[in-house]
Structure formats: C-alpha cells, structure tokens
Amino acid sequence: MRCGEVLSRTKSTLIFAPVIQSGLSFLVIVFLASLIIQLVFFALLLWGITRKNTPTVTDEPPPVTVLVCAHDAEENLRKLIPRLLQQEYPNFEVVVVDDRSNDATYDFIRELSETDKRVKVVRVEHLPNHVNAKKYAITLGIKAAANEWILLTDADCIPQSSGWITAMSRYMDAGAQFVLGFSPYEKQPGLLNLFIRFETLFTAIQYMGFANLGMPYMGVGRNLAYRKSWFLANKGFNTLLNVTGGDDDLYVNRHVTRSTVRVCAGEASLVYSKPKQSLGAFFAQKKRHLYAGKKYRLPHKLVLALFMGSYGLTWLTGLLLLGTNFASMQVAALLAFRSISLAWLVHRAAVKLAVSFAAYAVPFLDILFVFYYLSTAPVALFSKRVKWTN
C-alpha cells in the first residue's frame, strides 16, 4: 500500500472517529436508560404481583351467574358444564348463550336445563347488523342472568377446582365492581406451548400487578367477574361497538378504577384454557389483543408503552453494542442480570398464582419475546381493522 493511501485512510478514520464515538455514546446512554427503566418496572411488578390480597367478603356469599358464550362448542361444553355444576357454592346459576351454532350445542344445553334448574340457555338466531357477535351474546346473557354478579369464562375453559366460584366470590364486596382472575393455558409439549404459557403469565404479571399497585387497566374474559347493574347502568358495550373484540380488556379499561377492582389469585381461582396449536393462530390472536390495546386510556397506554418500549430498546441497543465489541463484557453482564431479574419475577409470580413454570427457560424466552413483540406490535398498531373469528 502506498504511503499516500495510508495517510488518506488515517485521515478518514480521524475525521469519522468523533462521529463513531458519539454514536456509541448515544447507544450506551439509551441502553443504560432502558435497562434502568426495565429494572424499576420489574421491581414494581414483583411488589404488585406478590402483594397479599385479603378477601373482603365475610358474610353470606353473593349469588353468582356463571356466563358462557358458545359457538359450535358442544364438545367443549360437555366437559365444562359438568365441572361448573360440581362447584361447591350455595347459590349460583349457569347461563349459556348459544351463538348461532351449527352443531348440537343448543340441544345439549336445552336438555340439560330441563333436568337441572341451575342451567339456562339463551339462543342467538340472528345477529343485528354492525354488532359484534361476542358482545351481543354477552349482553343477552347478562340480561337473562338472575344474579347481580356475573362471572365469565369461555367454552374451552375448565376451572381448576370445585372452589372456583367460592374463591372469586370472596372478593365481591360492597365496594367492588370488578374481580380479576387468572386463566393460564394448559401445559403441552413443544416450544410454542412453552412460549404461550410464558406470554400469558407475563401478561398476568402486568395486569394483576398494576391493579394491585393502583393502576388497573384490563382483565381477561376467561376468568373475570363484574356487576350486572354496573354493566346495564353504563349501557354495556355501547362505547365499544365500533371496536373488534375488547369485550373483556377494553370494557374493564373503560370502567375500572383503583377503588372498584379486586384481584383474586391462588390455585382455587384458576381457570385453564386450551392453547393455540399453530404459530399463525397464536399470532392472529395476539394481534387482536394488541389492536384492542390501542383503545386503552391514555395514561395506561403511556405506562405500557414505556415498559414495552424499554423492553425492546434494552435488547436492541444491547445487541448493537455487543456487535461493535464496545464494552462487550459489561453489556453482556448487564443483559444477563436483567434476564435473571425477569426470571426471578416470573418465578415469584408463578408461585403466587399457583402455576408451574420453568424459570430457567426465561432468559431464552426473553429473547424470543422481543422478536415476537417487534413482529406483532407494529402490525396491530398500524392496522385499521382486524378479523374476529366467531
């Protein structure tokens, strides 16, 4: 190489050195700031999710209506309804809304209602124009309910124990309007199932943890209770008719307050659900959930955006710094510390919620979660509409 070329390259390096150094400094600042935000959130959520919730109902338990909406769900209902009727609770009924099923769903529930007066069936034969099927079915079921407290679950769910209604009812005190429960997915072989269970547990850590910290923002309709009078007084889903889905999380988000929400955790309160069997079905489901999140109240969106934004930035900037070989040992150590902190949070939450989860897999799932979120969140954010399977 000629001397002139060496001098030219040296000069170019000197010119761009400050720019490179400035870029690395910016990456370091963003990385450290995101990491600190993450650790603060982890600490807060750990405090929130492990906080002891003392049951508030000490007198006679309130009458409860268990509401199930079903579409072509005969097979699932034949498993669910007997488990519901085995609930050890003094005063409850089961209302099943058959939403235009093509199988024998209606016949099965109608015959059962003739032999057990605790079972009621409501049939949807025609769906009004521009009305969401699930919201319409829930509305009809609530209107048909004989009791003030409505306890919702899905046809493909199964309560963990015969004490499910009892566990949830212990938080249905005079000041409560909403009771949030947890609905994990069944454990099955495979990486997809492991990731689904991790994502579901991580979501529960957030909505139950934030609720215990005084910022309730959503609930899950597979295990959720609220008052019939509250629903009717606030005109049901009227403000959500133009939104696909949102019959659980958005409804809670629009109406819940820190003084009217209760959080129920523990083995007796669990309701297990069947997980998706394909990656495409899972992504479609989560896209709908994230799409509904765009409609949350502004303070909730800002907090969640800060949490999830810092989640992605921590890994993105950390990996970029590792790629530049700049302070790679320190960056790797900090990323490892963050993953271990998350694993501890997940472990403690699993113990509190009475579910089993392999905490040692969290660092690997942590990385997968970043790619999952970055691939689904932008699609949901910029989508104007999402499809809803009925």
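Residues numbered from 1 in each chain as written. Predicted model: local features only at pLDDT ≥ 70, side-chain atom pairs only at ≥ 80, totals over all residues. Heavy atoms only, no water.

## Observations concerning the overall build of the protein
- Within the protein, the regular secondary structure consists of twelve helices and nine strands.
- In terms of principal-axis extent, the alpha carbons of the protein reach across some 100 × 45 × 40 Å.
- Split into buried and exposed, the 390 residues of the protein put 50% on the buried side.
- Roughly 18,500 Å² of accessible area belongs to the protein as shown, and the carbon and sulfur atoms make up 61% of that amount.
- In the protein, the 42 positive side-chain charges and the 27 negative ones have mean positions that sit 11 Å from each other. (Helix = DSSP H or I, 4+ residues; strand = E, 2+ residues; numbered from the N terminus. Buried < 20%, exposed > 50% of the residue type's maximum accessible area, 1.4 Å probe, protein only. Areas by Shrake-Rupley, 256 points an atom, 1.4 Å probe, with all protein chains shown as cover. Lys, Arg positive; Asp, Glu negative; His and termini not counted. Charge placed at Lys NZ, Arg CZ, Asp CG, Glu CD.)

## Here's the deal with the confidence of the model for the protein
- The share of residues in the protein with pLDDT of 70 or more is 90%, and the mean pLDDT across the chain is 88.
- Confidence over residues 10-17 falls short of pLDDT 50; this stretch has zero contacts with residues more than four positions distant or in other chains.
- Note that residues 386-390 has pLDDT below 50 and, in this model, 16 contacts with residues that lie over four places away or in other chains. (pLDDT = per-residue confidence, 0-100. Contact = heavy atoms within 4.5 Å.)

## With respect to the sheet that holds strand 1 (residues 64-70)
- Across the sheet, seven strands lie side by side as 3-2-1-4-7-6-8; this open sheet has mixed pairing. With partners counted over all chains shown, the strands left at the sheet margins are strand 3 (119-124) and strand 8 (261-263), one partner each. Direction aside, the axes of adjacent strands within the sheet are offset by 20° on average.
- Pairing geometry for strand 4 (residues 149-154) and strand 7 (residues 224-227), over four bridges, is antiparallel. The residue of strand 7 that forms the bridge with I150 is Y226.
- In the packing of helix 3 (residues 105-115) onto the sheet, the strands contacted are strand 1, strand 2 (92-99) and strand 3, and the crossing angle to strand 3 comes to about 150°.
- Relative to strand 1, helix 4 (residues 133-144) is tilted by about 150°, and along the sheet it contacts strand 1, strand 2, strand 3, strand 4 and strand 7. (Pairing = 2+ DSSP bridges. Axes fitted to C-alpha atoms, helices over the stretch in contact; angles between N-to-C directions.)

## So, the packing of helix 2 (residues 74-85) against helix 3
- The N-to-C vectors of helix 2 and helix 3 enclose an angle of 25°; their axes lie 9 Å apart at closest approach. The pairing of helix 2 with helix 3 is recorded here as roughly parallel in orientation. For helix 2 against helix 3, the interelement crossing comes out right-handed. Contacts from E74, L77, R78, I81 and L85 in helix 2 reach T105, F108, I109 and L112 in helix 3.
- Grouping the constituent residues of the contact of helix 2 with helix 3 by class yields six nonpolar, one polar and two charged. (Parallel < 35°, antiparallel > 145°, perpendicular 65-115°, else oblique. Left-handed = near helix turned anticlockwise from the far one by under 90°. Nonpolar A, V, L, I, M, F, W, Y, C, P; charged D, E, K, R; others polar.)

## Looking at the side chain of Q38
- Looking at the secondary structure, you find Q38 in helix 1 (residues 3-49).
- A polar side-chain atom of Q38 sits 3.0 Å from a polar atom in the side chain of R338.
- With near-sequence residues (within four places) excluded, Q38 lies in contact with F307, S310, Y311, T314 and R338. (Polar contact = N/O pair within 3.5 Å; in protein donor to acceptor, adjacent residues only side chain to side chain.)

## Some details on the environment of S101
- Mapped onto the secondary structure, S101 falls in the loop between strand 2 and helix 3.
- For the pair formed by S101 and A70, sequence separation is 31 residues and the distance between their alpha carbons is 7.6 Å.
- Sequence-distant contacts of S101, defined by excluding residues within four places in its chain, comprise A70, H71 and D72.
- A polar contact of 2.4 Å, which involves the side chain of S101, links it to the side chain of D98.

## Quick look at the nonpolar core
- Formed by 79 residues in total, the largest nonpolar core has its most connected members in F182, F198, L201, Y207, Y226, L342 and F357.
- Sort the elements by how many residues they give to this core and helix 6 (residues 191-212) lands first, with twelve residues.
- Apart from residues no more than four positions distant in its own chain, F182 is found in contact with T200, L201, A204, Y207, M208, N223, C264, S269, L270, V271, L353 and V355. (Core = buried A, V, L, I, M, F, W, Y, C linked by side-chain atoms within 4.5 Å.)

## Topic: the packing of aromatic side chains
- For the coordinates displayed, the defined rule picks out 28 aromatic pairs.
- Residues F41 and F210 carry aromatic rings whose centres are separated by 6.3 Å and whose planes lie at 85° to one another, so their mutual orientation is edge-to-face. Here the residue F41 occupies a position in helix 1, and F210 occupies one in helix 6, the gap between them amounting to 169 residues. This pair shows no difference in class: F41 is buried, exactly as F210 is.
- Here R123 stacks its cationic end above the ring of Y106, 4.1 Å away from the centre of that ring.
- Looking at R338, its charged tip hangs above the ring of Y311, at a distance of 4.5 Å from the centre. (Phe/Tyr/Trp six-rings, centres within 6.5 Å; stacked < 30°, edge-to-face > 60°. Lys NZ or Arg CZ within 6 Å of the ring centre and 35° of its normal.)

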